[in-house]
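Structure at a glance
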Amino acid sequence: MSSLEIENLSGGMEIGGGLGGLGAGKVSERKVLQEMATQGMDVSSSSAVTGPGTETFGKVLDRSFETVNQHQVDADRAIKEMVAGRTKNPHETMLLIERADASLKLAMQVRNKILDAYREIMRMQV
């Protein structure tokens with residue numbers, strides 16, 4: 001899996017080398033707002049998006065991937081308990097395996113959509 005780290009603009013934005021070496025950079029919110037103002041864009045509502053109490057996209061992704069990981073760990077533990085003979089309930093084991101599989105497939109689709117959007121933005125002409 002590529003190393004893609006997304007953070008709030010106020011903390012900077014890091015894009016790791018997992019995207020084919022497209023480079024890494026830090027962008028401060030102030031610089032982005034200044035550039036938007038020089039381009040004639042309205043910056044008055046920009047700070048409301050990243051205000052206190054809102055959750056950043058990176059944090060939502062982190063929490064989602066932690067949930068996917070927990071589902072994988074639960075399914076693995078259930079398989080080990082089934083093989084060791086500590087549990088006699090194959091239905092519960094299969095449900096845990098299917099939940100882990102579905103959550104991993106969903107996470108992969110989200111990752112693919114994010115990468116497609118990133119590539120589309122990189123193809124845009126300025």
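The structure we're discussing is the one just above.
Overview of the structure. (Residues numbered from 1 in each chain as written. Predicted model: local features only at pLDDT ≥ 70, side-chain atom pairs only at ≥ 80, totals over all residues. Heavy atoms only, no water.)

Further remarks concern the overall build of the protein chain. Helices and strands together make up the secondary structure of the protein chain, namely 4 helices and 0 strands. Starting at the N terminus, the α and β elements of the protein chain follow one another as α-α-α-α. When the 126 residues of the protein chain are sorted by exposure, 16% land in the buried category. Long-range pairs, those at least 24 residues apart, make up 37% of the contacts in the protein chain between residues at least 6 apart in sequence. (Helix = DSSP H or I, 4+ residues; strand = E, 2+ residues; numbered from the N terminus. Buried < 20%, exposed > 50% of the residue type's maximum accessible area, 1.4 Å probe, protein only. Contact = heavy atoms within 4.5 Å.)

Below, the discussion takes up the packing of helix α3 (residues 57–84) against helix α4 (residues 90–123). Helix packing for two helices is described by the angle between their axes and how far apart those axes are. Axis separation between α3 and α4 bottoms out at 9 Å; the angle between their running directions is 150°. When the axes of α3 and α4 are compared, the pair comes out roughly antiparallel. Note on packing geometry: the crossing formed by α3 with α4 is left-handed. Two secondary-structure elements touch here, α3 through Phe 57, Leu 61, Phe 65, Val 68, His 71, Gln 72, Asp 74, Ala 75, Ala 78, Ile 79 and Met 82 and α4 through Pro 90, Thr 93, Leu 96, Ile 97, Arg 99, Ala 100, Asp 101, Ser 103, Leu 104, Ala 107, Val 110 and Ile 114. Split into classes, the residues belonging to the contact of α3 with α4 amount to 16 nonpolar, 4 polar and 3 charged. (Axes fitted to C-alpha atoms, helices over the stretch in contact; angles between N-to-C directions. Parallel < 35°, antiparallel > 145°, perpendicular 65-115°, else oblique. Left-handed = near helix turned anticlockwise from the far one by under 90°. Nonpolar A, V, L, I, M, F, W, Y, C, P; charged D, E, K, R; others polar.)

Let us look at the side chain of Thr 93. Within the secondary structure, Thr 93 is located in helix α4. With sequence-adjacent residues up to four places away left out, Thr 93 is seen in contact with Ala 78, Ile 79 and Met 82.

Attention now goes to α3. Here α3 spans 41 Å end to end across 28 residues, near enough to the 40 Å set by a 1.5 Å rise per residue. Among all positions in α3, only Gly 58, Leu 61, Val 68, His 71, Asp 74, Ala 75 and Ala 78 are buried. Structurally, α3 contributes buried residues whose contacts are with α4. Count one or two residues on from α3 and you reach Gly 85, which has phi positive near 85°. (Expected span 1.5 Å × (residues − 1).)

Quick look at the pattern of salt bridges now. Think of it this way: side chains of opposite charge can pair up when their charged atoms draw near. Enumeration over the complete set of coordinates arrives at 7 salt bridges. Between Arg 119 and Asp 116 there is a salt bridge; the shortest N-O distance is 3.7 Å. You can see Arg 119 and its partner Asp 116 sitting in helix α4, 3 residues apart, about one turn around the helix. Of the residues examined, Asp 116 reaches a relative accessible area of 42% and is grouped as partly exposed. The salt bridge involving Arg 123 is made with Glu 120; its shortest N-O contact spans 2.7 Å. Of the two residues, Arg 123 and Glu 120 both sit in helix α4, 3 residues apart, roughly one turn of that helix. One network of salt bridges, with partners in common, ties together Asp 74, Arg 77 and Arg 99. (Salt bridge = Lys/Arg side-chain N within 4 Å of Asp/Glu carboxyl O.)

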